[in-house]
Amino acid sequence: MNILYIHFHDLLDERLYRHLLGLLAEYTPLVQALPPDAALADVSGSLRYFGTDAAGLAQRIRARTGGLYGLHSTVGVAANPLLARMVAADGPPSAVRTLPDDLDAVAAFLADKPAAALHGVGPATSRTLSSYGLDSVSRIASAPLGTLQRILGVTAGRRLYDAARGLDPTPVIPAAPPRSMSAEHRFEQDELDPGRQRAALLALTDRLGLQLRTEAQAAQALTLTVRYADRSTTTRTRKLREPTAHTPSLTALAYAFHDQLALQRARVRVFSLRAENLITAELASRQLLFDPDDEKARLIEAATDRARSKFGPGAAQPAAAHRPGAA
């Protein structure tokens with residue numbers, strides 16, 4: 001029971017996130033970043049030095065992050081990363097939750113959980129399992145390995161078979177978050193209007209695209225984090241079709257997130273958009289479309305970048321980013 005899964009609530013600032021990872025490293029060198037707001041830590045080798053157990057270290061971490069940065073956090077303490085994630089999510093936020101390293105306790109904890117509670121089981125896999133009557137962890141655990149492998153494939157079936165029994169051999173691998181760039185938009189008041197929400201997303205992708213091109217970088221993925229009026233958040237990440245710094249490509253994906261989340265009635269307080277897994281622009285290959293409109297857009301983008309470089313970022317901006325009804 002020496003693995004901690006730490007989830008920091010209301011965290012949208014990338015620089016602060018890196019500070020928090022540094023704080024965790026004061027307790028153990030085995031810290032794995034899980035951007036944008038979580039981390040895993042293996043404290044097996046730290047308990048004797050600090051003279052406490054894993055739950056005690058978790059309490060110290062919560063107290064320090066709260067005292068230094070005013071952040072609330074939830075910490076799951078268990079025998080492996082899978083169970084630590086699950087126990088952290090098993091209840092209201094802002095607490096330390098532990099799961100004893102005992103087969104009966106693990107079985108009882110997992111018994112009534114839905115299939116989707118297992119890390120790595122997304123909506124599509126959950127629907128597939130449900131169609132076979134495997135809609136809970138206990139039912140998955142009772143299914144033969146061969147059955148799961150026929151449904152999901154050999155590797156995924158084995159992984160699910162183990163996960164349903166609380167087994168996860170994945171080690172905590174020390175890793176810093178990959179380089180990224182982020183931009184944030186805070187609405188003056190909770191925003192319900194979809195047009196204004198999309199206008200804000202356009203302004204964010206315009207800023208990110210310009211920053212990427214200025215630093216000769218290309219993004220391989222994009223993450224949108226939405227904070228609502230009740231301070232809850234939703235985060236979505238998706239890979240781009242190809243590494244890019246082209247603003248229309250970033251905008252298209254940001255709009256796709258917006259459509260997917262169905263925010264028409266949501267009271268949105270903050271949008272945070274992060275370009276992730278950056279690579280040098282010269283290493284990014286581009287599929288030639290032989291589309292005159294695409295080439296024209298790129299020429300206009302290059303000319304706009306030159307104007308901004310000479311006269312400042314405000315010299316040229318998308319008109320739709322300032323229109324309340326922008327789509």
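Residues numbered from 1 in each chain as written. Predicted model: local features only at pLDDT ≥ 70, side-chain atom pairs only at ≥ 80, totals over all residues. Heavy atoms only, no water.

Caption draft 1: Region of the structure containing the sheet that holds strand β1 (residues 3-8). Taken in spatial order, the five strands line up as β2-β3-β1-β4-β5 in an open sheet, and their pairing is mixed. Looking along the sheet, the strands with just one partner apiece sit at the ends: β2 (31-34) and β5 (96-98). Going from strand to strand, the sheet's axes swing by 15° on average, the running direction of each strand aside. Sheet analysis places β1 next to strand β4 (residues 73-78), joined by six bridges and oriented antiparallel. Residue pairing in the sheet places leucine 4 in a bridge with valine 77 of β4. Relative to the sheet, helix α1 (residues 14-25) contacts β1, β2 and β3 (38-42), its axis offset from that of β2 by approximately 160°. Across the sheet, helix α4 (residues 81-88) is in contact with β1, β2, β3, β4 and β5; its angle to β4 comes to roughly 140°. (Pairing = 2+ DSSP bridges. Helix = DSSP H or I, 4+ residues; strand = E, 2+ residues; numbered from the N terminus. Axes fitted to C-alpha atoms, helices over the stretch in contact; angles between N-to-C directions. Contact = heavy atoms within 4.5 Å.)

Caption draft 2: Structural detail: the packing of aromatic side chains. One pass over the structure, following the stated rule, counts three aromatic pairs. Each ring, one from tyrosine 27 and one from phenylalanine 50, has its centre 5.2 Å from the other, and the planes form 35°; the classification is tilted. With tyrosine 27 in the loop between α1 and β2 and phenylalanine 50 in helix α2 (residues 47-50), this residue pair connects regions lying 23 residues apart in the sequence. Phenylalanine 50 carries the same exposure label as tyrosine 27, and that label is buried. On the basis of an interplanar angle of 85° and a centroid distance of 5.0 Å, the ring pair of tyrosine 49 and phenylalanine 50 is categorised as edge-to-face. Chaining the aromatic ring pairs together yields one cluster made of Tyr27, Tyr49 and Phe50. Over the ring of phenylalanine 109 we find lysine 113; its NZ or CZ atom is 4.1 Å from the centre of that ring. (Phe/Tyr/Trp six-rings, centres within 6.5 Å; stacked < 30°, edge-to-face > 60°. Buried < 20%, exposed > 50% of the residue type's maximum accessible area, 1.4 Å probe, protein only. Lys NZ or Arg CZ within 6 Å of the ring centre and 35° of its normal.)

Caption draft 3: Fine view of the packing of α4 against helix α5 (residues 103-110). Between α4 and α5, whose axes approach to 12 Å, the crossing angle comes to 50°. Taken together, α4 and α5 sit at an angle that is classed as oblique. Considering only the axes of α4 and α5, their crossing is left-handed. Contact residues: α4 offers Leu83, Met86 and Val87, while α5 offers Val106, Phe109 and Leu110. (Parallel < 35°, antiparallel > 145°, perpendicular 65-115°, else oblique. Left-handed = near helix turned anticlockwise from the far one by under 90°.)

Caption draft 4: Seen up close, the nonpolar core. Formed by 30 residues in total, the largest nonpolar core has its most connected members in Leu118 and Ile140. Contributions of two or more residues to this core are made by β1, β3, α4, α5, α7 (137-142), α8 (145-152) and α9 (154-163). Here this core gets six residues from one element, more than from any other, and that element is α4. Discounting residues that sit within four places of it in the chain, isoleucine 140 has contacts with Ala115, Leu118, Leu129, Leu134, Leu148, Leu160 and Ala164. In terms of nonpolar packing, the next biggest core, distinct from the first, is built from 29 residues, Met181, Ala219, Leu222 and Leu278 among them. (Core = buried A, V, L, I, M, F, W, Y, C linked by side-chain atoms within 4.5 Å.)

Everything listed here is a matter of coordinates, which is why it stays silent on function.
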